[in-house]
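Coordinate analysis (summary)
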Amino acid sequence: MMKHKRAKINWLAYSLLVILFITNICSAQQKKGNAKITNIPFEPAYWDTTATKAEFVIYKGVKAIKMHTGNEISVKEISFTNGTIEFDTQPIDAETRGFGPVGIYFRQRNTKESEYIYLRTKKDDTKRDNDDIQYAPVVNGVLLFNMMSQYDGPAPVHNKEWNHVKLVVCEMQMRVYVNDMNEPVLEIPRLESNSTTGAVGFDGLAYFANLVIKPNETEGLSTTEGIDPAKHDVNYIRRWDVTSAQVMRKGRELIDQDLPNDTTGWTPIVAERRGVINLSRKFGSSDTGRYVWLKTTINSTKDQVVQMQLGFCDEVYVFVNKKLVDADKNQFGLPLSKFPDGCLNIDNSTINIPLKQGSNELLIGIVNNFYSWAIVARMRNLHNLSILQQ
């Protein structure tokens, strides 16, 4: 009887220890979970102001930052990878000045690599357009806004009241919400920057307040990239060779004397998502005009003329077997800009390509004058011809 009683007491003691152990684990996890949520105070000690002109103010009853045009401010000692970022912003004088970007940087490694989302303010904030908000990463020092028109979208941006913005980021994907937290205004299937972790910061002529960062709270967003709509389309020309970049005088155009010769050096380059040959990722930014040559081979079973869709920014010079067949320009804000608004798109142009029976050299000169530069090329069909694959 005594043995049984002692065993019962030992079992009760063991059970109590287990319960205390589990309770301590749960308590620690709860404390750790609470520590994940970071409310960033809008006070000078928490912000890096070395590269900006900003005021720390009380605006509409809350601590806020009042930004000035053309400056950026970032949070000190925060490195963001995955999770949720929420904040409030209100444009300054948008109803009088009209267009103005109001943006947030995240995963910012340095000035050359960062993810970036921005609102475009307008005088009439009741009007919705497909460019109210845009995702445009900074890659190799270039803001890729004119390569990323597919990531424009409408958003309910208010000029005279706070706008609540939420970013949900998980590995390669992101959802963005503006004011309506039930319906995203942007869904990005693959983040394009070379940086996967880094600082968080703001820019644009606006007030910013109520910044909350929740690391690793990703609301069930997938860890893998979304579907590439061009992935299974064999008509895209994905395999090219490229020269080094050469500087050219502003306003000058490429001529026959600029064509590559037998001593020209070439390196392979392959398409990214959507069939894009991203020259900005390879060559970065420059304050002067530059050009490169791309070449590939098309094999034809007969003499024929075929059509090629070509998206490009900013200028192209298309040669087939050393003969010029097309030259065109597509730059944002200029009269010769193509749909949509001078940005890269497979529908920028369609070119007739004369082919002889056998092997044909397709050579394209691309000139960069404004932000990003790239091409995307697709044959209308592959009847009686073949193109290089990866």
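One structure accompanies this document, and this report is about it.

Cut-offs used in this document
Residues numbered from 1 in each chain as written. Predicted model: local features only at pLDDT ≥ 70, side-chain atom pairs only at ≥ 80, totals over all residues. Heavy atoms only, no water. Phe/Tyr/Trp six-rings, centres within 6.5 Å; stacked < 30°, edge-to-face > 60°. Helix = DSSP H or I, 4+ residues; strand = E, 2+ residues; numbered from the N terminus. Buried < 20%, exposed > 50% of the residue type's maximum accessible area, 1.4 Å probe, protein only. Lys NZ or Arg CZ within 6 Å of the ring centre and 35° of its normal. Salt bridge = Lys/Arg side-chain N within 4 Å of Asp/Glu carboxyl O.

Right, let's talk about the packing of aromatic side chains for a bit. Inspection of the entire model under this criterion finds 18 aromatic pairs. Between F145 and F332, the ring centres sit 5.3 Å apart and the planes meet at 85°, which makes this aromatic pair edge-to-face. Here F145 is found in the loop between β11 (142-143) and β12 (152-153), whereas its partner F332 is found in the loop between β25 (323-329) and β26 (349-355), with 187 residues between them in sequence. Judged by relative accessible area, F145 falls into the buried class, the value being 8%. Following the ring pairs from residue to residue traces out a cluster consisting of F42, W47, F87, F202 and F208. Of note, K166 hangs over the ring of Y177, and the distance from its end group to the ring centre comes to 4.8 Å. Lying over the aromatic face of F283, K282 brings its terminal NZ or CZ to 5.7 Å of the ring centre.

What follows concerns the pattern of salt bridges. All told, the structure shown has 20 salt bridges when counted by the stated rule. Note that R128 and D132 form a salt bridge whose closest N and O atoms lie 3.0 Å from each other. Residue classification places D132 among the buried residues on the basis of a relative accessible area of 1%. Residue D328 pairs with K338 through a salt bridge whose shortest N-O separation is 2.9 Å. In this pair, D328 is assigned in strand β25 and K338 in the loop between β25 and β26, connecting sequence segments ten residues apart. Note on D328: relative accessible area 18%, which makes it buried. It is possible to trace a salt-bridge network through shared partners that takes in K122, K127, R128, D129, D131 and D132.

Without other data, these values stay purely geometric and don't point to any function.
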